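Report on the structure
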Amino acid sequence: MTKTSSFSAPKGVPDYTPPGSAEFVAVRDGLIQAARLAGYGHIELPVFEQTALFARGVGESTDVVSKEMWTFADRNGESFTLRPEGTAGVMRAVIQHGLDRTGSLPLKLCYAGPFFRYERPQAGRYRQLQQVGIEAIGIDDPALDAEVIAVADAGFRSLGLDGFRLEITSLGDETCRPQYRELLQEFLLGLPLDEETRRRAEINPLRVLDDKRPEVRELTADAPLMIDHLSESAKAHFDEVLAHLDALGVPYVVNPRMVRGLDYYTKTTFEFVHDKLGAQSGIGGGGRYDGLMAQLGGQPLSGIGFGIGVDRTVLALAAEGKTAADPARCQVYGVGLGDEARARIVALAGELRAAGVSVDLAYGGRGLKGAMKGADRSGAKYTLVLGDRDLADNSIGVKEMATGEQRQVSLDTVVAELRAALAA
Ligand code: HAM
């Protein structure tokens, strides 16, 4: 005899099952819809890519690349990685297919799906996470930065979410960032830091500003900030982005100490933070990445985009006590009593679905009482009851569940009548 075992989903990987899965779908689709309204077209990409794409695109020294990648060798020994984020893959596809050479710019793309990071699982931090993301490639216009941010803001609000804030800063560009980096490094290396933090200051000084330990925070309280050392053009760019956000009515707070976990950002950088989520409060983030495309072997085109965490947005809605979706409900519930009537109602369900009406049926030959309990539980607006006697005079009972009112309707017209009643 084979030994029985029980299986469970991999650690840190959520399942979405009914009825909660309706919430997940409503959030994902609502965010995608916000992108559609601004003209972003869909791009569907592989969930694994050559490992070097992420190492080069996201940055070797980031936690995402150095600690969190799901990397494996295929049967030929080539190294692949489950995508930890979407931007590098989008750039790869744009370059590979020459999408930046065939149409007008900016090229505007939207994607949704799973991403993989080998993080320590906790509430809101998963090893398989879901994002909706957009990327706008090829035009460096502050109005486009504002559009990208406004799409995220509108997406959240379309779901009913309002307990979040947008934090924004500028990380400068190649004309001011190298000088600032040196300045910060000099400041940090003059502090009595522990060995590991010193090493971090040497490799990636910006990340030290993100250190959550109170003693490091205190030491770095007076650290020079990028925002005070922007070049004239980077400063003008940032001011213009903020002016567009004001005009769009998108509220924000400038957070000059913001540090993102990915290395490709330049100039405008932002995060959406929800205060009711505890430690994992980032529901979305993004920014400009003007050097990425050239770094990956493409034309030197600019880009800006965001990734929104669908899982965390679902949690944020729950934390606000809101729902974005009705649980999957059918509009009509059908009950057949007797063999012939049961067969007829199966066919009728097919006709109704073909007419765009959602239908569920009482299965398993239940009697009227049990079937009506099923009808109540289903949340359907109308219940159809078909007995063999109704069948004989070509009619069917239609009960409106909210009022309890029941009437006989001809089987010839019931599809049209229900469709009309549900559309009203
Ligand atoms: P990111 O900030 O690394 O950016 O991720 C975006 C969002 O994904 C986060 O704000 C968070 O909501 C969600 N997320 C990240 N890691 C986890 C996790 N372990 N569990 C649950 N949710 C998570 C990016 O990925 C960039 N590619 C965004 C971007 C697009 N920038 C420019 N274009």
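An unreviewed UniProt entry annotates the chain as Histidine--tRNA ligase of Nocardia camponoti. We quote the UniProt Catalytic activity (unreviewed entry) comment for the chain here in full: "tRNA(His) + L-histidine + ATP = L-histidyl-tRNA(His) + AMP + diphosphate + H(+)".

Looking only at helices and strands, the chain has 17 helices and 16 strands in total. By the burial criterion, 50% of the 424 residues in the chain qualify as buried. When contacts within the chain are restricted to residue pairs at least 6 apart in sequence, those whose partners lie at least 24 apart make up 70%. Entry remark: accessible area of the chain is about 20700 Å², with carbon and sulfur atoms responsible for 52%.

This next bit is on the sheet that holds strand β8 (residues 253-254). One key point about sheets: their strands pair by backbone hydrogen bonds, in either a parallel or an antiparallel sense. Spatially, 8 strands are ordered β1-β5-β6-β11-β10-β9-β7-β8 in an open sheet, and the strand pairing comes out mixed. Taken across any chain shown, the strands that pair with only one partner, and hence form the sheet edges, are β1 (41-42) and β8. As defined by bridge partners, β1 adjoins strand β5 (residues 107-116) across 2 bridges and the pair is classed as parallel. The residue of β5 that forms the bridge with G41 is L109. The sheet contacts of helix α6 (residues 142-158) involve β5, β6 (128-137), β7 (164-170), β9 (266-274), β10 (282-288) and β11 (303-309), and relative to β11 the element is tilted by about 15°.

Take the pattern of salt bridges next. Pairing of side chains with opposite charge becomes possible as their charged atoms draw close. Scanning the entire structure with this criterion turns up 25 salt bridges. Residues E119 and R125 are paired through a salt bridge, measuring 3.9 Å at the closest nitrogen-oxygen approach. For the pair formed by E119 and R125, the shared burial category is buried. A salt bridge links E320 to K322; its shortest N-O distance comes to 2.8 Å. A network of salt bridges, in which partner residues are shared, links D140, D145, K267, R288 and D290.

What follows is about the site of the ligand. What surrounds the ligand is a group of 27 residues, the closest being E85, E119, E135, Y265 and G282. In this structure, Y264 approaches the ligand through a side-chain N or O atom, which is 3.0 Å from a nitrogen atom. Between the ligand and G284 there is a distance of 3.2 Å, counted from an oxygen atom to a backbone nitrogen or oxygen. Protein burial of the ligand: of its 660 Å² of free accessible surface, 96% is covered by the chains.

If you walk across this open sheet you meet the 5 strands as β13-β12-β14-β15-β16, and the pairing is mixed. Looking at strand neighbours, the two that pair on one side only are β13 (359-361) and β16 (406-410), the edges of this open sheet. Adjacent strand axes in the sheet meet at a mean angle of 30° when their direction is disregarded. Packing against the sheet, helix α14 (residues 339-354) makes contact with β12 (332-337), β13, β14 (382-387) and β15 (395-400), and its axis sits at approximately 160° to β12. Relative to β12, helix α15 (residues 368-378) is tilted by about 175°, and along the sheet it contacts β12, β14 and β15.

Our focus in this paragraph is the UniProt feature "binding site: L-histidine" (unreviewed entry) in the chain. The positions that UniProt labels "binding site: L-histidine" (unreviewed entry) are, in the present scheme, E85, G86, T87, R117, Q131, E135, R260, Y264 and Y265. Here T87 is to be found in helix α4 (residues 87-97). In this structure R117 comes out as buried when scored by relative accessible area, which is 16%.

Their axes nearest at 8 Å, the elements helix α1 (residues 20-36) and α6 cross at an angle of 140°. By the angle between their axes, α1 is oblique relative to α6. When you trace α1 past α6, the crossing you get is right-handed. Along its contact with α1, which presents G30, L31, A34 and A35, the element α6 presents V151, A154, G155, F156 and S158. Of the residues contributing to the contact of α1 with α6, the split by class is 6 nonpolar, 3 polar and no charged.

This part is about the nonpolar core. Counting residues in hydrophobic clusters, the biggest one holds 89 residues, and the most contacted among them are Y40, V90, I137, I149, L245, F270 and F272. Considering each element in turn, this core owes the most residues, 8 residues, to α6. In this view, L245 contacts A146, I149, L166, I168, V250 and Y252; residues no more than four positions away in its chain are not counted. Listed in part, the 22 residues of the second largest apolar core include A341, I345, V414 and L422.

Turning next to the UniProt feature "domain: Aminoacyl-transfer RNA synthetases class-II family profile" (unreviewed entry) in the chain. Mapped onto this structure's residue numbering, the UniProt feature "domain: Aminoacyl-transfer RNA synthetases class-II family profile" (unreviewed entry) falls at residues 35-327. Note that residues 35-327 is 37% helix and 22% strand, and that its end C-alpha atoms are spaced 24 Å apart.

Rules used in this analysis
Residues numbered from 1 in each chain as written. Predicted model: local features only at pLDDT ≥ 70, side-chain atom pairs only at ≥ 80, totals over all residues. Heavy atoms only, no water. UniProt positions renumbered as here; feature names shortened; annotations may be inferred. Helix = DSSP H or I, 4+ residues; strand = E, 2+ residues; numbered from the N terminus. Buried < 20%, exposed > 50% of the residue type's maximum accessible area, 1.4 Å probe, protein only. Contact = heavy atoms within 4.5 Å. Areas by Shrake-Rupley, 256 points an atom, 1.4 Å probe, with all protein chains shown as cover. Pairing = 2+ DSSP bridges. Axes fitted to C-alpha atoms, helices over the stretch in contact; angles between N-to-C directions. Salt bridge = Lys/Arg side-chain N within 4 Å of Asp/Glu carboxyl O. Near = heavy atom within 4 Å. Polar contact = N/O pair within 3.5 Å; in protein donor to acceptor, adjacent residues only side chain to side chain. Parallel < 35°, antiparallel > 145°, perpendicular 65-115°, else oblique. Left-handed = near helix turned anticlockwise from the far one by under 90°. Nonpolar A, V, L, I, M, F, W, Y, C, P; charged D, E, K, R; others polar. Core = buried A, V, L, I, M, F, W, Y, C linked by side-chain atoms within 4.5 Å.

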